[in-house]
Amino acid sequence: MNALVPIGPSLVDRSAAVESLGVAVSSASDLELALWVLVFWTLVLDIGLTVYGLSVGLVERNPVMRHALDAVGLAALLVAKAAAVAIALGFRMAWPEYAIVAPLGLAVPWALAVVYNATLLASL
């Protein structure tokens, strides 16, 4: 039995979405899987360092994120990161021939942010 879920004006076949995600994972190369692990760890480190930096009095440099943090709090950071991962996963599923681009597009800037934040915090 297929479970249909209302999404916007149409219905989405949940079992087909789960099946296509399973195909995407099974077709991923070892390099791509390693990059997704790197995405996860850079995501965790970036959030952790940002939260710590804010707690010791540093200020978010991105004006949009700074406004969101002021308005909503740390949930804004989680929502922004979750949205970025969702977009990357959608890209990966839509264009499997460019599968490595999705995790690279997240891992590289987040790794740079982690290095920058760690360096800044170490200098305090």
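Look up: the structure comes first, before these words.
How each quantity is defined
- Residues numbered from 1 in each chain as written.
- Predicted model: local features only at pLDDT ≥ 70, side-chain atom pairs only at ≥ 80, totals over all residues.
- Heavy atoms only, no water.
- Axes fitted to C-alpha atoms, helices over the stretch in contact; angles between N-to-C directions.
- Helix = DSSP H or I, 4+ residues; strand = E, 2+ residues; numbered from the N terminus.
- Parallel < 35°, antiparallel > 145°, perpendicular 65-115°, else oblique.
- Contact = heavy atoms within 4.5 Å.
- Nonpolar A, V, L, I, M, F, W, Y, C, P; charged D, E, K, R; others polar.
- Salt bridge = Lys/Arg side-chain N within 4 Å of Asp/Glu carboxyl O.
- Buried < 20%, exposed > 50% of the residue type's maximum accessible area, 1.4 Å probe, protein only.
- Core = buried A, V, L, I, M, F, W, Y, C linked by side-chain atoms within 4.5 Å.
- Expected span 1.5 Å × (residues − 1).
- Left-handed = near helix turned anticlockwise from the far one by under 90°.

One can describe the packing of helix H3 (residues 63-72) onto helix H4 (residues 75-94) by two numbers: an axis separation of 7 Å at closest approach and a directional angle of 130°. For the element pair H3 / H4, the angle class is oblique. Counting all contacts with H3, which are made through Met65, Ala68, Leu69 and Val72, the residues of H4 involved are Ala75, Ala76, Leu77 and Ala80. Of the residues that constitute the contact of H3 with H4, the class distribution is eight nonpolar, no polar and no charged.

Taken as a whole, this structure holds two salt bridges when the rule is applied. With a shortest N-O distance of 2.7 Å, Glu32 and Arg92 are connected by a salt bridge. With Glu32 in helix H2 (residues 30-55) and Arg92 in helix H4, this pair connects stretches of sequence that are 60 residues apart. No difference in accessibility class separates Glu32 from Arg92, as the two residues are buried. The closest approach of N and O atoms between Lys81 and Asp46, which form a salt bridge, is 2.5 Å. Taken together, the positions of Lys81 in helix H4 and Asp46 in helix H2 put the pair 35 residues apart, joining distant regions of the chain.

Ranked by size, the top nonpolar core spans 13 residues in total, and within it Trp36, Val39, Met65, Leu77, Ala88, Leu106 and Trp110 carry the most contacts. Of all the secondary-structure elements, those providing two or more residues to this core are H2, H3, H4 and helix H5 (101-122).

Right, let's talk about H2 for a bit. With 26 residues, H2 should reach 38 Å at 1.5 Å per residue; the first-to-last C-alpha distance of 37 Å fits that figure. Those residues of H2 that sit buried are Glu32, Leu35, Trp36, Val39, Thr42, Leu43, Asp46, Ile47, Leu49, Thr50 and Gly53. Those residues of H2 that are buried are in contact with H4 and H5. Positive phi shows up at Gly57, right after H2, with a value of about 100°.

Turning to the packing of H2 against H5, a few remarks are in order. With their axes 8 Å apart at the nearest point, H2 and H5 run at an angle of 35° to one another. For the pair H2 and H5, the sense of crossing is left-handed. Its residues assigned to classes, the contact of H2 with H5 comprises 19 nonpolar, four polar and two charged.

Let's shift gears to the environment of Val44. Tracing the sequence through the fold places Val44 in helix H2. For Val44 and Trp110, which are 66 residues apart along the polypeptide, the C-alpha to C-alpha distance reads 9.7 Å.

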